[in-house]
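# Coordinates in review
Residues per chain are reported as follows:
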Amino acid sequence: RAIAARAALAEGDVERAFAYASEALDRLRRAGGIDEDRAETYLAFIAAAKAAGHQEQAERARTEARSWLEATARRIEDTGLRASFLSNIPAHRALARAAVAQTV
């Protein structure tokens, strides 16, 4: 659903994008997901929520994503692997930047 949300957003269908992204984030919160999917889901939701004018929801998701990313990175003991986790995976890099800039 995160991919469908991105596609709908690219087509200019903000409401459909927000619906897909909301569904993806709800599923993620209920069932979890692999790390890269989790980051992509957060990014898609934040972008769709912002486009749909749901700034508070976008900010809550950004804060939740930042917390997840930081907690996951802290569990990686090797500093090189931790840096790789944060900077070599595009979705993780985007979330890390968003945490600093508070934008996606």
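Up top is the structure.
Here the structure is a predicted model, which means the values were calculated and not measured. In this numbering scheme, every chain counts its residues from 1 along its sequence in written order. In keeping with the predicted nature of the model, local features appear solely for residues at pLDDT of at least 70, side-chain atom pairs appear and are counted solely at 80 or more, and the whole-chain, interface and lining totals rest on all residues. Hydrogens are left out, water is left out, and the side-chain values use all remaining heavy atoms of the structure.

Further remarks concern the packing of helix H4 (residues 55-74) against helix H5 (residues 79-87). Throughout, an axis means a line fitted to C-alpha atoms (over the contacting stretch in the case of helices), and angles, computed between N-to-C directions, take values from 0 to 180 degrees. In this description a helix means any DSSP run of H or I spanning at least four residues, a strand means any run of E spanning at least two, and both kinds are numbered starting from the N terminus. Taken N-terminus to C-terminus, the directions of H4 and H5 make an angle of 155 degrees; their axes are 9 Å apart at the nearest point. As far as their axial angle goes, H5 and H4 are roughly antiparallel. Seen from above, H4 lies across H5 with right-handed handedness. Of the residues in H5, those in contact with Trp-68, Leu-69, Thr-72 and Ala-73 of H4 are Arg-82, Phe-85 and Leu-86. When residues are grouped by polarity, Ala, Val, Leu, Ile, Met, Phe, Trp, Tyr, Cys and Pro land in nonpolar, Asp, Glu, Lys and Arg in charged, and all others, Gly among them, in polar. Here the residues of the contact of H4 with H5 are counted per class, giving 5 nonpolar, 1 polar and 1 charged. Convention used here: angles under 35 degrees read as roughly parallel, angles over 145 as roughly antiparallel, angles from 65 to 115 as roughly perpendicular, and any remaining angle as oblique. In this scheme, a crossing is called left-handed if the near helix is turned counterclockwise away from the far one by less than a right angle; it is called right-handed if the turn is clockwise. Contacts between residues were defined by any pair of non-hydrogen atoms, one from each residue, lying within 4.5 Å.

A few words now on the pattern of salt bridges. Here, a salt bridge means any Lys or Arg side-chain nitrogen found within 4 Å of an Asp or Glu carboxyl oxygen. For the coordinates displayed, the defined rule picks out 6 salt bridges. The salt bridge involving Glu-23 is made with Arg-27; its shortest N-O contact spans 2.7 Å. You can see Glu-23 and its partner Arg-27 sitting in helix H2 (residues 14-31), 4 residues apart, about one turn around the helix. When its relative accessible area of 28% is taken as the criterion, Glu-23 is described as partly exposed. Between Arg-29 and Glu-64 there is a salt bridge whose closest N-O contact spans 2.8 Å. Throughout this description, buried means an accessible area under 20% of the type-specific maximum (1.4 Å probe, protein chains only), exposed means over 50%, and partly exposed covers the range between.

Put simply, buried Ala, Val, Leu, Ile, Met, Phe, Trp, Tyr and Cys residues joined by side-chain atoms within 4.5 Å make one nonpolar core. Counting 29 residues, the largest nonpolar core has Phe-18, Leu-25, Tyr-42, Phe-45, Trp-68, Phe-85 and Leu-95 as the members making the most contacts within it. Elements with a minimum of two residues in this core: helix H1 (2-10), H2, helix H3 (35-51), H4 and helix H6 (90-101). A per-element tally of this core places H3 first, with 8 residues. Dropping the residues within four chain positions of it, Leu-95 is found in contact with Ala-39, Tyr-42, Leu-43, Ala-65, Trp-68 and Leu-69.

The pairing test for Phe, Tyr and Trp rings, Trp by its six-membered ring, is centres within 6.5 Å, and the orientation test on the planes gives stacked under 30 degrees, edge-to-face over 60, and tilted for anything in between. Considering all chains together, one arrives at 3 aromatic pairs under this definition. Through successive ring pairs, a cluster of aromatic residues spans Tyr-42, Trp-68 and Phe-85.

For the rest of this paragraph, the subject is the packing of H1 against H2. With their axes 8 Å apart at the nearest point, H1 and H2 run at an angle of 165 degrees to one another. One way to sum up the angle between H1 and H2 is to call them roughly antiparallel. Remark: the crossing between H1 and H2 carries left-handed chirality. Counted together, Ala-2, Ala-4, Ala-5, Ala-8 and Leu-9 of H1 and Val-14, Arg-16, Ala-17, Tyr-20, Ala-21 and Ala-24 of H2 form the full contact between these two elements. Grouping the constituent residues of the contact of H1 with H2 by class yields 10 nonpolar, no polar and 1 charged.

Take it as geometry only, folks, not as evidence of what the structure does.
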